[in-house]
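Descriptive analysis of the structure
If you want the building blocks of each chain, they are given just below.
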Amino acid sequence: MTDFLWRVVIIVILAQASLIAAAQDGAIIVGANVGRLRSVERIDFADIGDDLEIGWFEANEDASEFVVFDSDGRIYRVGVGGVIDSWTYRGNAAQVFSLIDAVYATGGPLVFYLLDGAYFVNDRQLQVDDFPVAAHLIEQSLFVEAVTTSGATVYHELSLAAADGVIRPDRTIALPGSDAVNPGVLIGRVDFPHAIVSRLADGQLSVYRYPYAFSVEGGREYRLDGGPAVAGALNAGGSHFAWSDPASERLNALDLGSGENKVVAELGGAYAQYLLLTADASAIIAVNVDFEAAVFAWVVESGERLDLGAYRECKRIPDRVALSADGAALVIGCDTGLDIWRIASDEAR
């Protein structure tokens, strides 16, 4: 390599190191600083193993550690520094394994999976009659979201203290049923303890929150001008809902306390694969708009649109995108690895 190329490499490395250091103060992503959101860390699957090609992940609270898995059913705990641990639940290659979900608890990750037709949490069998599809940890209480044979959504609260090694639900909570006359759809990517149902015919939005209002009588209802909402994101506190209409004409922010809806921006038909709302609901983040491999943001108060730049090279649309639980990181996962975005200082822009 020539001296010139070495200098270029060194400059790139130093610039990246400066950007990472500038983002280590853990600044929470908000409207006032979202313009400084930058890709500062990456985890490359090629450095871990040939079978890692799925961008699904589960992150711990500050997105310093992740659970990922490969096509052979091996589970990995990884960080920016490399693999922390790896293991498999398959006893032999003939066993059929499917990972369902994972959550980070106080003692480490809890992995939910299907193995030869039986459901498990780590190495303990989960005894349910339904079909688990997701897991949720709410204040150290563990819930499994499942679909019944009739197609209804239920949530099983689990006890991990069973003496016989089999985990059974302590209780089961049903999501309120759909209106047969005016059917609605459950808004995806809105996690328990919230559930949002959008009614297609008249733009009505029903918002449920367990345990305060997880019933037909307890849910709050809103009428959306320009609705119905077909895609959206709830902020971490559950106070606001960002949404777009079926034609992706407008980006909105609904205050669930007051019922006031604000049109943040005109989208003109541009469709975002992923929408996220910051914890304080002051910024809406979009990833992959109209198949452009980039990150965008809108400041809710002003409606200003910010083009934040491209994320890592991927062969397809990201498999998962999420904000960290502490609100300080945006994580994008695709077939080539994870891209971790944080707030950088002005000097590192």
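Above this note sits the structure.
Residues numbered from 1 in each chain as written. Predicted model: local features only at pLDDT ≥ 70, side-chain atom pairs only at ≥ 80, totals over all residues. Heavy atoms only, no water.

Brief notes about the sheet that holds strand S23 (residues 272-277)
Quick reminder of the rule: If DSSP finds at least two bridges between two strands, the strands pair. Under the scheme used here, helices are H or I runs from DSSP no shorter than 4 residues and strands are E runs no shorter than 2 residues, and both carry numbers assigned from the N terminus. Between N-to-C directions, angles cover 0 to 180 degrees, with each direction set by a line fitted to C-alpha atoms, over the stretch in contact for helices.
Read from one edge of the open sheet, 4 strands run S23-S24-S25-S26, paired in antiparallel fashion. A strand with exactly one partner marks an edge of an open sheet, and here the two such strands are S23 and strand S26 (305-310). For this sheet, the mean inter-axis angle between neighbouring strands, taken without regard to orientation, is 20°. In terms of strand pairing, S23 meets strand S24 (residues 283-289) through 5 bridges, oriented antiparallel. Within the sheet, the bridge partner assigned to Ala272 lies in S24 and is Val289.

Some points on the state of the cysteines
Condition: Criterion for a disulfide: a pair of cysteine sulfur atoms within 2.5 Å.
Per the stated rule, a full pass over the model turns up 1 disulfide. Covalent S-S linkage joins Cys314 and Cys334, the inter-sulfur distance amounting to 2.0 Å. On the S-S bond that ties Cys314 to Cys334, the torsion sits near -80°, and the link is left-handed. You can see Cys314 sitting in the loop between S26 and strand S27 (320-323) and its partner Cys334 sitting in strand S28 (residues 330-334), a full 20 residues away along the chain.

Quick look at the sheet that holds strand S16 (residues 194-199)
Reading across the sheet, the 4 strands line up as S15-S16-S17-S18 and stay open at both edges, with antiparallel pairing between neighbours. Because the sheet does not close on itself, it has two edges, and the strands there are strand S15 (184-186) and strand S18 (220-223). Strand-to-strand twist across the sheet, computed as the mean angle between neighbouring axes with direction ignored, equals 20°. Sheet topology note: the S15/S16 ladder contains 3 bridges and is antiparallel. Bridge assignment links Leu186 to a residue of S16, and that residue is Val197.

Some details on the pattern of salt bridges
Stated precisely, the cut-off is as follows: Counted as salt bridges are all cases of a side-chain nitrogen of Lys or Arg within 4 Å of a carboxyl oxygen of Asp or Glu. Buried means the residue's accessible area, taken with a 1.4 Å probe over protein chains only, is under 20% of the maximum for its type, while exposed means over 50%, and partly exposed covers the values in between.
Within the structure shown, the criterion is met by 12 salt bridges. Glu58 serves as the salt-bridge partner of Arg320, at 3.1 Å between the closest nitrogen and oxygen. Taken together, the residues span a long stretch of sequence, with Arg320 in strand S27 and Glu58 in strand S2 (residues 58-59) at a distance of 262 residues. On the accessibility criterion, Arg320 (23% relative accessible area) is partly exposed. The exposure class of Glu58 is buried, given its relative accessible area of 15%. Of the charged contacts in the structure, one is a salt bridge between Arg316 and Asp319, with a shortest N-O distance of 2.9 Å. Owing to a relative accessible area of 40%, Arg316 belongs among the partly exposed residues under this scheme. On the accessibility criterion, Asp319 (31% relative accessible area) is partly exposed.

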